[in-house]
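Examination of the molecular architecture
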Amino acid sequence: PADYDIPTSPVTSYRSTRGAAPNEEEPRPATDIEKPHSNDVLCGRGGSSNRHLGNMHFRELVAANKKTYVGLTKKQKMLVARNIVEMVHS
């Protein structure tokens, strides 16, 4: 269940093997990743980042929330986006 007041929010879980997400107060350390895992989301353009499993899962989360998102207030939209990011981090 989402932690914002939106009817029928379809946010779904994100498959992860990385362990628990840190608290909001603790920023994630920036590290160089030699080989991305299947749950990482890669920045970039083109086929390799588009075909990466983590990016495909991320796009599925975004697509699952699109119908709900378009009818929300600006504040609710921010909370949906934040929840999607948290799903990726967890």
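In this report, we go over the structure that sits alongside the text.

If you check helix 2 (residues 53–70), its first and last C-alpha atoms are 26 Å apart, about what 18 residues at 1.5 Å a residue would give, namely 26 Å. In the structure, helix 2 departs most strongly from a straight axis at Ala-64, where the bend amounts to approximately 35°. Of all the positions in helix 2, only Gly-54, Asn-55, His-57, Leu-61, Asn-65 and Thr-68 are classed as buried. At its buried positions, helix 2 is contacted by helix 1 (47–51) and helix 3 (74–89).

Looking at the secondary structure, you find Thr-68 in helix 2. The class of Thr-68 is buried, set by a relative accessible area of 16%. As for Thr-68 and Val-80, which are separated by 12 residues in sequence, their C-alpha atoms are 9.1 Å apart.

The next subject is the packing of helix 2 against helix 3. Running from N to C, helix 2 and helix 3 point in directions that differ by 160°, and their axes come no closer than 11 Å. If you check the angle between helix 2 and helix 3, you find them roughly antiparallel. Considering only the axes of helix 2 and helix 3, their crossing is right-handed. The residues of helix 3 that touch helix 2, namely those facing Phe-58, Leu-61, Val-62, Asn-65, Tyr-69 and Val-70, are Lys-77, Val-80, Ile-84, Met-87 and Val-88. Along the lines of polarity and charge, the residues of the contact of helix 2 with helix 3 split into nine nonpolar, one polar and one charged.

Conventions and cut-offs
- Residues numbered from 1 in each chain as written.
- Predicted model: local features only at pLDDT ≥ 70, side-chain atom pairs only at ≥ 80, totals over all residues.
- Heavy atoms only, no water.
- Helix = DSSP H or I, 4+ residues; strand = E, 2+ residues; numbered from the N terminus.
- Expected span 1.5 Å × (residues − 1).
- Bend = angle between axes of the 7 residues up to and from the residue.
- Buried < 20%, exposed > 50% of the residue type's maximum accessible area, 1.4 Å probe, protein only.
- Contact = heavy atoms within 4.5 Å.
- Axes fitted to C-alpha atoms, helices over the stretch in contact; angles between N-to-C directions.
- Parallel < 35°, antiparallel > 145°, perpendicular 65-115°, else oblique.
- Left-handed = near helix turned anticlockwise from the far one by under 90°.
- Nonpolar A, V, L, I, M, F, W, Y, C, P; charged D, E, K, R; others polar.

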